[in-house]
Protein chains: 2
Amino acid sequence: MSEQTHFLLNESDLPKAWYNVMADSPLPPTPVLRPDTLEPVTPDFLAALFPMELILQEVSTERFIDIPDEVREIYKLWRPTPLIRARRLEKALGTPAHIYFKNESVSPAGSHKPNTAVAQAFYNKAAGTRALTTETGAGQWGSALSLACNFFDLDLEVYMVKVSYQQKPYRRVMMHTYGAQVFASPTDRTNYGRSVLAADPDNPGSLGIAISEAVEVAATSGGAKKYSLGSVLNHVLMHQTVIGEEALKQMDLAGEYPDVVIGCVGGGSNFAGIAYPFLRENLKNGQRARLLAVEPTAAPSITRGVYTFDYGDTAKMAPVVKMHTLGHDFVPPAIHAGGLRYHGMAPSLSAFCDAGLIQATSVPQKTTFEAAIQFARAEGIIPAPETAHAIRVVIDEALDAKAKGEKRVILFNFSGHGHFDMAAYENYLGGKLEDYEYPAEAIKAAMEKLPKVGLPA
Amino acid sequence: MSEQTHFLLNESDLPKAWYNVMADSPLPPTPVLRPDTLEPVTPDFLAALFPMELILQEVSTERFIDIPDEVREIYKLWRPTPLIRARRLEKALGTPAHIYFKNESVSPAGSHKPNTAVAQAFYNKAAGTRALTTETGAGQWGSALSLACNFFDLDLEVYMVKVSYQQKPYRRVMMHTYGAQVFASPTDRTNYGRSVLAADPDNPGSLGIAISEAVEVAATSGGAKKYSLGSVLNHVLMHQTVIGEEALKQMDLAGEYPDVVIGCVGGGSNFAGIAYPFLRENLKNGQRARLLAVEPTAAPSITRGVYTFDYGDTAKMAPVVKMHTLGHDFVPPAIHAGGLRYHGMAPSLSAFCDAGLIQATSVPQKTTFEAAIQFARAEGIIPAPETAHAIRVVIDEALDAKAKGEKRVILFNFSGHGHFDMAAYENYLGGKLEDYEYPAEAIKAAMEKLPKVGLPA
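Residues numbered from 1 in each chain as written. Chains lettered and ligands numbered in written order. Predicted model: local features only at pLDDT ≥ 70, side-chain atom pairs only at ≥ 80, totals over all residues. Heavy atoms only, no water.

Some details on the environment of V393 of chain A
Residue and element names in this part refer to chain A. Along the chain, V393 falls in helix 17 (residues 385-403). Through-space distance from the C-alpha of V393 to that of G263 is 9.0 Å; in sequence the pair is 130 residues apart. If we skip the residues at most four places from it in the chain, V393 touches I262, L292, V294, T361 and V363. (Helix = DSSP H or I, 4+ residues; strand = E, 2+ residues; numbered from the N terminus. Contact = heavy atoms within 4.5 Å.)

Rendered as structure tokens:
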């Protein structure tokens, strides 16, 4: 075991391939359905939204997919990212546990999101796409894709949930700095946006609505514009596995192996990024590390939602997939300060949770911010509210190890910093945040609106 | 010459000592005077503001001063910082120049400022100080000292220039997150603040006023509170030399030596941090690297100010030193968006500039923000407006090398990121920024108010 605090890799250690967990999954794949017919999608349906290379990645069963040189060149601006042992946090907790975190906040956009944004921009550029559309909620994804489109000289339209657009002006300015266009969704630029505004001119927007707008613009552009999603899909999660591949090497440098790997989940991408390479090792070598996904009690897709087929967006234009869902009309309560607001969950992650290969838990937000501040005061870095969900559970694990007097090696993904989320910290420090548990009746009601696909028993 | 982009050092390469340039300075030291008597200060005058160990460092002529283990342990949270070759910027400019930057923005507070904040907090704690006071303008220094006081369990009162307090609420929240108290200066907590408010209840504050308030609180606390300054003083600049010491090793790894070393200057600390170790090499080995300080045309202490004795603060409570100054009443125009607002300049840096060992230049703000955006789009990272002043000159140097068809190795200090300065970017992108040149008449008028110390010819 090393005495060091930072475990750094050289540029030459940057992974040369992404890991595709579908090659090793012991579970049967679940179909992706057209939202209009509920029949399996054909490539031409997806081709209206995505370039062919990404569609092939989405359905690939190859174990490793080479990372193009052009993408690796850009990854090198901030990758490999540091693995850091949180020695001061360990000391503050008085725990025998060893806490390691993979610091993805060092990317220019401040989170793990550029790992897939850069890849998606590259494949789109290579396929002749001139412009991309996307949605963003808290703004991490919109910032990352703005950065990536800037690098590959692609135009970008970001549909930003209106309430975030108003509350987070600096995220918008960051996207402008990288050259993107940003619109407060619902907008009057799409049929769906206009229909929402007609029914409610003051609609504050939601991630599901913003997705619908971005999908509509791409699908009706005659091929000039494609759509880009920041989580949920297989290829998106796969691009994030550079995190876990690096972390495996770095835990080696530290001379330890994690007993538990922890990440927060909204759509699942940062968690999958760190956990899937460890899942591979679990499947290959027998259970070695617990894999633990953390979601907010305000948007508890895995822990309270239903594992079934649902639409990917509110307007029912995106494909239908089998996933843990709160219903495609889901809008998290205004009191919920962080991101992690998607109604569903990545199908692959949902399936692994359903099969018990990955565990999930949920945490309320006040104790989440308490953990964020404890981390910031111990280690200095201020976490994004999303990341703080993981930190809450990391601290709980470390305290549990202390109570049991056992050594425990904890690895978590520090998915992003909170520099653009200080308003949420201000609300917490001012005593203005409240906890919220998504009510069981709301979930039950939402299930009535699911697409009528043969449900699993 | 290496093919790499990042030049990383291990924890074991973290410098073990700070470099004290005064040991090698060929110039006679200039006296520090009491503001009331204009006689040389005695240690007991300074002891009301600083712990003895820092006073000794201030006047030391030892070449190297050991960095305490407790300080190095905290430095290790983010140090050694990366040296990065800006290959994408070079390519965008089509220049044969090689551009390297030392990325100090990776500290938890987002700038180089914690290098001295941690040291000052440590020595104060060791001396039994219970609380510190300080001022902050743009907020980088206040954030850094909040972080450091948190680590050493010291209370902190930050007097934040009122206009910044209002325009940068998230800097304030960051300081709260680390546990500091923050007050909009001028306040009614000090005699000087009350006198300013009595004359003008809407006074927007200035760095000079905020310094006066912080100094008054410490000086009248009966020893319970000490004062901490984020730039200007010898010991502060010395703590920053870890930057240049690391950069020397990293340029070695890159297999190159800089032809020019560039940094922005307000009080001079980030520039001195990177440049003084290279100045040592210049003095030892004959001129090898040009050392170039960059200031805003809106606050041009070196390029337009006078090199003479002046008060360190507006209320004439801080010591009088010989420096380049715009006069202690100086308030930069509201149109100036970045930091770098101090009326004076570090005495050591002023002396080196006066002797021609270091050069200075000034740049207006529109072309500065243009450079910032060019850098962000090439390298991803969004610079602080302060840092952008250095980048403007880096780009000009690279274009000059291109015009002359010569290779030129440029090293600059990327002193901080702009995550808390996006309002300034918004103003620039919205066409709301204007250039400003500080008028010669204003400087002439300010000189009338200088302390009547025997002026140099």
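Having put the structure on the table, let's press on.
Quick look at the packing of helix 5 (residues 114-126) of chain B against helix 6 (residues 140-151) of chain B
Residue and element names in this part refer to chain B. Interaxial distance between helix 5 and helix 6 falls to 8 Å at its minimum, and their mutual angle equals 40°. In this view, helix 5 runs oblique relative to helix 6, as classed from their interaxial angle. In terms of crossing hand, the pair formed by helix 5 and helix 6 is right-handed. Packed against helix 5, whose contacting residues are P114, T116, A117, V118, Q120 and A121, the element helix 6 presents W141, A144, L145, L147, A148 and C149 at the interface. Its residues placed into classes, the contact of helix 5 with helix 6 shows 10 nonpolar, two polar and no charged. (Axes fitted to C-alpha atoms, helices over the stretch in contact; angles between N-to-C directions. Parallel < 35°, antiparallel > 145°, perpendicular 65-115°, else oblique. Left-handed = near helix turned anticlockwise from the far one by under 90°. Nonpolar A, V, L, I, M, F, W, Y, C, P; charged D, E, K, R; others polar.)

Describing helix 19 (residues 440-447) of chain A
Owing to its 3.6 residues per turn, the α-helix brings residues three or four apart onto one side. Residue and element names in this part refer to chain A. All of the buried residues along helix 19 are I443, A446 and M447. Projection of helix 19 onto a plane perpendicular to its axis shows the buried side chains occupying an angular sector of 100°, all on one side. Turned more than 90 degrees away from the buried face of helix 19, the exposed residues are E441 and K444. Residues of helix 19 that are buried in the fold lie against helix 14 (301-304), strand 12 (306-311) and strand 13 (320-325). (Buried < 20%, exposed > 50% of the residue type's maximum accessible area, 1.4 Å probe, protein only. Arc of directions from axis to C-beta.)

Description of the confidence of the model for chain A
Looking at chain A, pLDDT values average 94 and 99% of them are 70 or higher. Scoring the predicted complex yields pTM 0.96 and, for the interface, ipTM 0.95. (pLDDT = per-residue confidence, 0-100.)

Quick word on the domain arrangement of chain A
Residue and element names in this part refer to chain A. By domain assignment, chain A separates into domain 1 (6-13 + 78-110 + 240-447) and domain 2 (18-67 + 112-234). Relative to domain 2, the C-alpha centre of domain 1 lies at a distance of 22 Å. Each partner contributes residues to the interface: domain 1 has 53 residues there, and domain 2 has 47 residues. Summed over both sides, the interface of domain 1 with domain 2 buries roughly 4,000 Å², with 68% coming from carbon and sulfur. When the buried surface of domain 1 facing domain 2 is broken down by residue, A109, M317 and F420 rank first, second and third, together holding 16% of it. At the junction of domain 1 and domain 2, the tally comes to one salt bridge. The residue K168 makes a salt bridge to D421 at a minimum N-O spacing of 2.5 Å. Breaking the side of domain 1 that touches domain 2 down by element, the ones donating at least two residues are helix 12 (242-254), helix 13 (269-285), strand 12, strand 13 and helix 15 (347-354). Looking at which element gives the most residues to the side of domain 1 that touches domain 2, the answer is helix 13, with seven residues. (Domains from an automatic or database assignment. Buried area = accessible area lost by both parts, 1.4 Å probe. Salt bridge = Lys/Arg side-chain N within 4 Å of Asp/Glu carboxyl O.)

Quick word on the sheet that holds strand 8 (residues 181-185) of chain B
Residue and element names in this part refer to chain B. An order of 8-7-6-9 is seen for the four strands of this open sheet, with the pairing classed as parallel. Every other strand in the sheet has two partners, leaving strand 8 and strand 9 (225-227) as the edge strands with one partner each. The mean inter-strand angle of the sheet, taken between neighbouring strand axes irrespective of direction, is 25°. Here strand 7 (residues 155-161) runs beside strand 8; their pairing, made up of five bridges, is parallel. The partner of V158 across the bridge, within strand 8, is V182. Packing against the sheet, helix 10 (residues 207-219) makes contact with strand 6 (131-136), strand 7, strand 8 and strand 9, and its axis sits at approximately 170° to strand 6. (Pairing = 2+ DSSP bridges.)

Some remarks on the environment of Q250 of chain B
Tracing the chain through its elements places Q250 of chain B in helix 12 (residues 242-254). Considering only alpha carbons, one finds Q250 of chain B and V363 of chain B, 113 residues apart in sequence, at a separation of 29 Å.

Focus on the interface of chain A and chain B
Every contact between the two is made by 40 residues of chain A and, on the other side, 40 residues of chain B. Counting each side, the surface lost to burial between chain A and chain B is near 3,700 Å², with a carbon and sulfur contribution of 60%. The interface formed by chain A and chain B includes two salt bridges. For the pair chain A and chain B, the number of links is 19 residue pairs in polar contact (both at pLDDT 80 or more). Breaking the side of chain A that touches chain B down by element, the ones donating at least two residues are helix 6 (140-151), helix 8 (169-177), helix 16 (365-379) and helix 18 (422-429) of chain A. Among the elements that make up the side of chain A that touches chain B, the one with the highest residue count is helix 8 of chain A (six residues). For the side of chain A that touches chain B, the class distribution of residues is 22 nonpolar, 11 polar and seven charged. (Polar contact = N/O pair within 3.5 Å; in protein donor to acceptor, adjacent residues only side chain to side chain.)

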